Amino acid sequence: TALNEMRGQVLLADEVGLGKTIQAGLILKELKLRGLIRRILILTPATVLKQWQEEMETKFHETFRIAEGVEDWHHSQVLASLSLAKMPHHATRILQKSYDLLIVDEAHTLKHKSTQRFKFVNQIKKKYILLLTATPVHNTLTELYSLVTILKPGLLGTVRSFNKQFVDREDPRKPKNPEHLKKILSRVMIRNRRGEVGIQLPPRKAGIFYVRLTQAERELYEGVTAYIREEFKRETNHLFRLLSLTTLQRELCSSPHALRGTLEMLAARSEYPEATRKRLRHFLALCDKIKIGSKTQAVLKILKEYPGKFIIFTNFLGTMYHLQEVLERRGISTVTFHGNLNMRRRREVIQQFSRGKRILISTQAGGDGLNLQFCNQLINYDLPWNPMLVEQRIGRIHRLGQDKTVYVVNLVLANTIESRIMYLLARKIQMFKLVIGELDLILGMVNQKKSFEQTVSELWHKARNPREADQAFRKFGSELTRARKDYEKVRKSNEIFGDLVRLTDFFDREETHAASRATTPGRGASSNARR
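Draft legend 1. Seen up close, the pairing of strand β5 (residues 98-104). Across the seven residues of β5, six count as buried, placing the element largely inside the fold. As judged from the four bridges shared by strand β2 (residues 40-44) and β5, these two strands associate in the parallel manner. Looking at β5, one finds that Ile40 is bridged to Leu101. Alignment of β5 against strand β6 (residues 125-132), held across six bridges, turns out to be parallel. Pairing of Leu101 across the sheet is with Tyr128, part of β6. The β-α-β motif built from β5, the intervening helix α6 (residues 116-123) and the parallel element β6 has right-handed crossover chirality.

As structure tokens, then:
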């Protein structure tokens, strides 16, 4: 029986896009309803903490505390980034406790036994453990050996015997005895494939609408960009000011209405020379000249040509309110969604959109946790520099329950940093052709110590002119192409595992396991815990 044999130590390795978070939640809920678990720790990448918290709350009515300080570890249900948890002052407290259930998302990051990550997770005292990854093998089957060691030490023998018995010398990702290996793995590994579970989403079609700047917009864009590059060279040791400059560049690609507030703040700084403040006031005057920007004109054109509901995402409140005002003046009904709304008001906004309003204009706050399958058209008014946020936006409508073709329109300012980022996403990563979840895996294969967002920001601001910027982005694009090809190899190598154990078997057989423990003298639910 699956859990009888697994004893609650499971590698959940479904293909990308099958909802491993939801399946982990189902297992968590089932174990909790049976009274088998109380203290739970979930370790994930920092980028998906909020997503996990919302999924657990909305789908399973389970509240988790996101750990930020050492005082948070006393809570019975805690979510934390693995990067934070393994820090010495946090790790000390975690290793002092015993958990009923430990869940580790993107568990392939534990693939090397010599790393601090592996050693830390392996030391955590836990009764049940779920390791989640769509790609347990990246470069060699030995990485799979590391994951199984966390679950069931000794199941695959020693590293030396495992390599001798299962690893192909010519291709270390390929097993020599696949059927025998799959038989052993069936004791710890659950893997379902899309073709076998019958999950099919409707088609997704993405288009790029290149917007040309007017003369006034071009003057503003080039002037502010030159200012930002000059200031970046001066302010390299001032993190707050560098962040302000990066925000300025992102606002510049959205609308003058988003840009205005930051310009006013900078122009009011007394420590700036009068010449700099005068220059900033000149930019403010240019903002005031632009009543309706080129992107807003593009939105009006799209809404006139294509009927039906649309979600319009923007990164900035200034753009959101401006766009709402322009659309309402033209008789187009709108409602807005942003992070300042309380939960009651958020529900009201979604109801208004579903029942009558044609347009929902949302900041990134609407990119997480909302189910908006009743709409199938989306406009990215401006482009997040973090591609995972683009994927999250699209995921609001391209998800289970959607029965129509999904259309995504990306508004991109031609010959700007925005067009160069879109070149990386659309041409090099080909993100709009990917299954939800694959983008994160590809970005994880890029040999960069900094995030995608940090990398593109530095490439842009360090370039002295557009030609240098193009060269830098082309070089980074080659790295992304290489990462995508590496991912394809990894994905194919993981197909050898097939469909090992179905999730339904997991529940059916835990019933038998729980009953046997309850009737065996001297044994209780905690007998599986590692001490």
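That shown, we press on.
Draft legend 2. A look at the packing of aromatic side chains. Enumeration according to the criterion identifies five aromatic pairs in this entry. On the numbers, 5.5 Å between centres and 50 degrees between planes, the contact of Phe162 with Phe166 is tilted. Highlighted residues: Phe162 and Phe166, both in helix α8 (residues 159-166), separated by four residues, approximately one helical turn. For the pair Phe162 and Phe166, one class covers both residues: buried. Through a chain of ring-to-ring contacts, three or more aromatic side chains come together here, namely Tyr145, Phe162 and Phe166.

Draft legend 3. Quick look at the sheet that holds strand β12 (residues 377-380). Pairing is parallel in the open sheet, where six strands are placed in the order β8-β13-β12-β9-β11-β10. In this open sheet, the two edge strands, each paired with only one partner strand, are β8 (204-211) and β10 (334-337). Each adjacent strand pair in this sheet contributes to an overall mean axis angle of 20 degrees, direction not counted. Both β8 and strand β13 (residues 406-413) contribute to a ladder of eight bridges, which runs parallel.

Draft legend 4. Quick look at the pairing of β6. With respect to burial, β6 is a largely interior element, seven of its eight residues being buried. Bridge count for strand β1 (residues 9-12) against β6 is four bridges, and the pairing is parallel. In the sheet register, Val10 faces β6, and the bridge partner there is Leu130.

Draft legend 5. Helix α7 (residues 142-151), seen in detail. In terms of burial, α7 is largely enclosed, as nine of its 10 residues are buried. Glu143, Leu144, Tyr145, Ser146, Leu147, Val148, Thr149, Ile150 and Leu151 are the residues of α7 that are buried. Packing partners of the buried residues in α7 comprise β1, α6, β6, α8 and α9 (178-185).

Draft legend 6. Representation of the pattern of salt bridges in the model. Evaluation of the coordinates by the stated rule reveals 19 salt bridges. A salt bridge links Arg260 to Glu264; its shortest N-O distance comes to 2.2 Å. A residue pair is termed a helical-turn pair when its members lie 3 or 4 positions apart in one helix, as Arg260 and Glu264 do in helix α13 (residues 256-267) at four residues. Judged by relative accessible area, Glu264 falls into the partly exposed class, the value being 40%.

Draft legend 7. Molecular detail of a positive patch on the surface. Taken together, the side chains of Arg160, Lys164, Arg169 and Lys176 define a basic patch exposed on the protein surface. Looking at the element boundaries, Lys176 is found in the loop between α8 and α9. Here Lys176 falls in the partly exposed class, since its relative accessible area comes to 41%.

Draft legend 8. How the structure looks around the nonpolar core. Core analysis: the biggest nonpolar cluster contains 84 residues, and Leu220, Tyr227, Leu327, Leu360, Ile421 and Phe452 have the highest contact counts within it. In terms of domain composition, this core takes at least three residues from each of domain 2 (204-210 + 291-493) and domain 3 (213-289). Setting aside anything within four residues of it in sequence, one finds Leu220 in contact with Leu252, Leu259, Phe283, Leu286, Cys287 and Ile290.

Draft legend 9. Just the side chain of Asn380, in detail. Looking at the secondary structure, you find Asn380 in strand β12. With sequence-adjacent residues up to four places away left out, Asn380 is seen in contact with Phe313, Val390, Arg393, Val408, Val409, Asn410 and Leu411.

Draft legend 10. Highlighting the environment of Lys59. Following the sequence through the fold, Lys59 ends up in helix α3 (residues 49-60). A relative accessible area of 36% places Lys59 in the partly exposed class. Residues Lys59 and Ile22 lie 37 residues apart in sequence; the distance between their C-alpha atoms is 8.2 Å. Dropping the residues within four chain positions of it, Lys59 is found in contact with Ile22, Glu54, Asn371 and Arg399. Of note is the side chain of Lys59, whose polar atom sits 2.7 Å from the side chain of Glu55.

Draft legend 11. Representation of unusual backbone geometry in the model. At His61, a position not held by glycine, the phi torsion is positive, near 55 degrees. Residue classification places His61 among the exposed residues on the basis of a relative accessible area of 64%. The residue Glu106 is not glycine, and still its phi comes out positive at about 50 degrees. As for its position among the elements, Glu106 is in the loop between β5 and α6.

What counts and what doesn't
Residues numbered from 1 in each chain as written. Predicted model: local features only at pLDDT ≥ 70, side-chain atom pairs only at ≥ 80, totals over all residues. Heavy atoms only, no water. Buried < 20%, exposed > 50% of the residue type's maximum accessible area, 1.4 Å probe, protein only. Helix = DSSP H or I, 4+ residues; strand = E, 2+ residues; numbered from the N terminus. Pairing = 2+ DSSP bridges. Right-handed = clockwise from strand over helix to strand, strands pointing away. Phe/Tyr/Trp six-rings, centres within 6.5 Å; stacked < 30°, edge-to-face > 60°. Axes fitted to C-alpha atoms, helices over the stretch in contact; angles between N-to-C directions. Contact = heavy atoms within 4.5 Å. Salt bridge = Lys/Arg side-chain N within 4 Å of Asp/Glu carboxyl O. Patch = residues over 30% accessible without salt bridge, like charges linked within 9 Å, V, L, I, M, F, W, Y side chains within 5 Å. Areas by Shrake-Rupley, 256 points an atom, 1.4 Å probe, with all protein chains shown as cover. Lys, Arg positive; Asp, Glu negative; His and termini not counted. Charge placed at Lys NZ, Arg CZ, Asp CG, Glu CD. Core = buried A, V, L, I, M, F, W, Y, C linked by side-chain atoms within 4.5 Å. Domains from an automatic or database assignment. Polar contact = N/O pair within 3.5 Å; in protein donor to acceptor, adjacent residues only side chain to side chain.

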